[in-house]
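# Structural overview for review
Single-letter residue listing:
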Amino acid sequence: MICTACPRECGIDREHIKGSCGVKAESRITRAALHMWEEPCISGTRGSGTIFFSGCNLQCVFCQNAAISRDGDLGVAVTEQGLADTMLHLESLGAHNINLVTPVPHYNVIASAIVLAKDKGLSIPIVYNTNAYEKAESLKMFDGLVDIYLPDLKYVSPKLSSMFSGASDYFEYASSAIDEMYRQCGNICLDADGIANRGVLIRHLILPCCVDEARRVMNYVVSRYTNKAYFSLMSQYYPCGRALEMKYINRKLTSRERNQAIEHAESLRLENVYLQGLTSADCAFTPNFDNYFQ
């Protein structure tokens, strides 16, 4: 399994050695549970059936899920059939959707599992929850399988993406990947209860001292997808991991920074924007990865 699936193109045989994502060929689940802390159109009233995978191909210095993103050996090993059964179990608990978090290192297992789950009667939408640092051509395997894409658009600036995520080419790949997501699913469509059943919702986490970057991201979203694009402007940043030792991002967001970002969203007349309060910047909202299945 010589891996070139993501922009890292590490070329490692993941049957024997971990790729740059920290994952071997075997996929692992670190948590599968109903999750209430996504955007309202995703979590709804019953929760999103969220499945967290181990490993990550981006490795951001401020990752709030670093406990699982840095180590692909954590969690419970899962086969295609096991993952399909987990999806069906979450549906039986009342989940509005199946929410696949950090899917990039697990493409093949996920694609096969979705087919198996749908063959067994899975009827709720599949949400693909990603950092967006991936190849558009790799995403084509999910055309017709994924209903909702939930990508981050972390940066436009190569300098910041290199500094904080070790990927100077982040925007080049993320923008192309999000184009492919829109090609497949279009803008968000809501059902009668306000729950998303199809489409793309773009997220951006505002970083301290980086309001200008948030403006760049919003400018790009509006210029590319119009002001009707569904957009989530997140204020939940709190410093953890390596970010605690880094200048500029070793603190929480200020109310002034948050307000400046919101004012820009208003100036662009974004019609479908989700906002967070500063109280969301708390480790209490980070899932417990010690209890895999709930």
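Structure's up top.
Here is a short report on the structure shown in this document. (Residues numbered from 1 in each chain as written. Predicted model: local features only at pLDDT ≥ 70, side-chain atom pairs only at ≥ 80, totals over all residues. Heavy atoms only, no water.)

## Digging into the packing of helix α7 (residues 170-185) against helix α8 (residues 211-225)
Taken N-terminus to C-terminus, the directions of α7 and α8 make an angle of 35°; their axes are 12 Å apart at the nearest point. For the pair α7 and α8, the crossing hand works out as right-handed. On α8, the residues that touch Phe171, Ser175, Ile178, Asp179 and Tyr182 of α7 are Tyr220, Arg224 and Tyr225. Across the contact of α7 with α8, the residue classes tally to five nonpolar, one polar and two charged. (Axes fitted to C-alpha atoms, helices over the stretch in contact; angles between N-to-C directions. Helix = DSSP H or I, 4+ residues; strand = E, 2+ residues; numbered from the N terminus. Left-handed = near helix turned anticlockwise from the far one by under 90°. Contact = heavy atoms within 4.5 Å. Nonpolar A, V, L, I, M, F, W, Y, C, P; charged D, E, K, R; others polar.)

## Quick word on the pattern of salt bridges
Counted under the stated rule, the structure contains 14 salt bridges. Residue Glu38 pairs with Arg203 through a salt bridge whose shortest N-O separation is 2.4 Å. Of this pair, Glu38 sits in the loop between β1 (27-35) and α1 (40-43) while Arg203 sits in strand β8 (residues 196-205), and the two are 165 residues apart along the sequence. Since its relative accessible area comes to 13%, Glu38 is described here as buried. Residues Glu39 and Arg203 are paired through a salt bridge, measuring 2.8 Å at the closest nitrogen-oxygen approach. Of this pair, Glu39 sits in the loop between β1 and α1 while Arg203 sits in strand β8; the two residues are 164 residues apart in sequence, bridging distant segments of the chain. The same class applies to Glu39 and to Arg203, which are both buried. Residues participating in the shared-partner salt-bridge network are Lys140, Asp143, Glu180 and Arg183. (Salt bridge = Lys/Arg side-chain N within 4 Å of Asp/Glu carboxyl O. Buried < 20%, exposed > 50% of the residue type's maximum accessible area, 1.4 Å probe, protein only.)

## Observations concerning the pairing of strand β5 (residues 126-130)
Most of β5 is tucked away, with five of its five residues classed as buried. Every second residue of β5 is oriented toward a common face, with Ile126, Tyr128 and Thr130 on one face and Val127 and Asn129 on the other, all of them buried. In the sheet, strand β4 (residues 98-101) pairs with β5 via four bridges, with the strands oriented parallel. Within the sheet, the bridge partner assigned to Asn99 lies in β5 and is Val127. The parallel pair β4 and β5 is bridged by helix α4 (residues 107-119), and the resulting crossover is right-handed. (Pairing = 2+ DSSP bridges. Right-handed = clockwise from strand over helix to strand, strands pointing away.)

## Looking at unusual backbone geometry
The backbone of Glu9 sits at a positive phi, close to 45°, despite the residue not being glycine. Looking at the element boundaries, Glu9 is found in the segment before β1. Assessed through its relative accessible area of 45%, Glu9 is described here as partly exposed. Unusually for a residue other than glycine, Ala132 sits at a positive phi of about 70°. With respect to the helices, strands and loops of the structure, Ala132 is situated in the loop between β5 and α5 (136-139). Note on Ala132: relative accessible area 0%, which makes it buried.

## Looking at the packing of aromatic side chains
Both the distance between ring centres and the angle between the ring planes are used here to describe each pair of aromatic rings. Scanning all chains against the criterion turns up 10 aromatic pairs. Taking the centre distance of 4.9 Å and the plane angle of 85° together, the rings of Phe171 and Tyr220 count as edge-to-face. With a gap of 49 residues between them, Phe171 in helix α7 and Tyr220 in helix α8 connect regions that are remote in the sequence. When its relative accessible area of 21% is taken as the criterion, Phe171 is described as partly exposed. Pairing Tyr182 with Tyr225 gives two aromatic rings, centres 4.1 Å apart and planes at 10°, and the pair type is stacked. Linking Tyr182 in helix α7 with Tyr225 in helix α8, this pair joins segments that are 43 residues apart in sequence. Given a relative accessible area of 12%, Tyr225 falls into the buried group. Three or more aromatic residues link up through ring pairs in this structure, and these residues are Tyr107, Tyr128, Phe142 and Tyr149. (Phe/Tyr/Trp six-rings, centres within 6.5 Å; stacked < 30°, edge-to-face > 60°.)

## Brief notes about the side chain of Ser280
Relative to the helices and strands, Ser280 is located in the segment after β10 (272-275). One polar contact links the side chain of Ser280 to the main-chain carbonyl oxygen of Gly277, over a distance of 2.6 Å. (Polar contact = N/O pair within 3.5 Å; in protein donor to acceptor, adjacent residues only side chain to side chain.)

## So, the nonpolar core
The biggest cluster of nonpolar side chains holds 74 residues, and the ones touching the most others in it are Ile51, Phe62, Leu83 and Met87. In this structure Ile51 touches Ile29, Arg31, Ala32, Leu83, Thr86, Met87, Leu90, Ile98, Asn99, Leu100 and Val101, once residues within four positions along its chain are discounted. Counting 10 residues, the second-largest nonpolar core is a separate cluster that includes Cys41, Ile148, Leu150 and Ala196. (Core = buried A, V, L, I, M, F, W, Y, C linked by side-chain atoms within 4.5 Å.)

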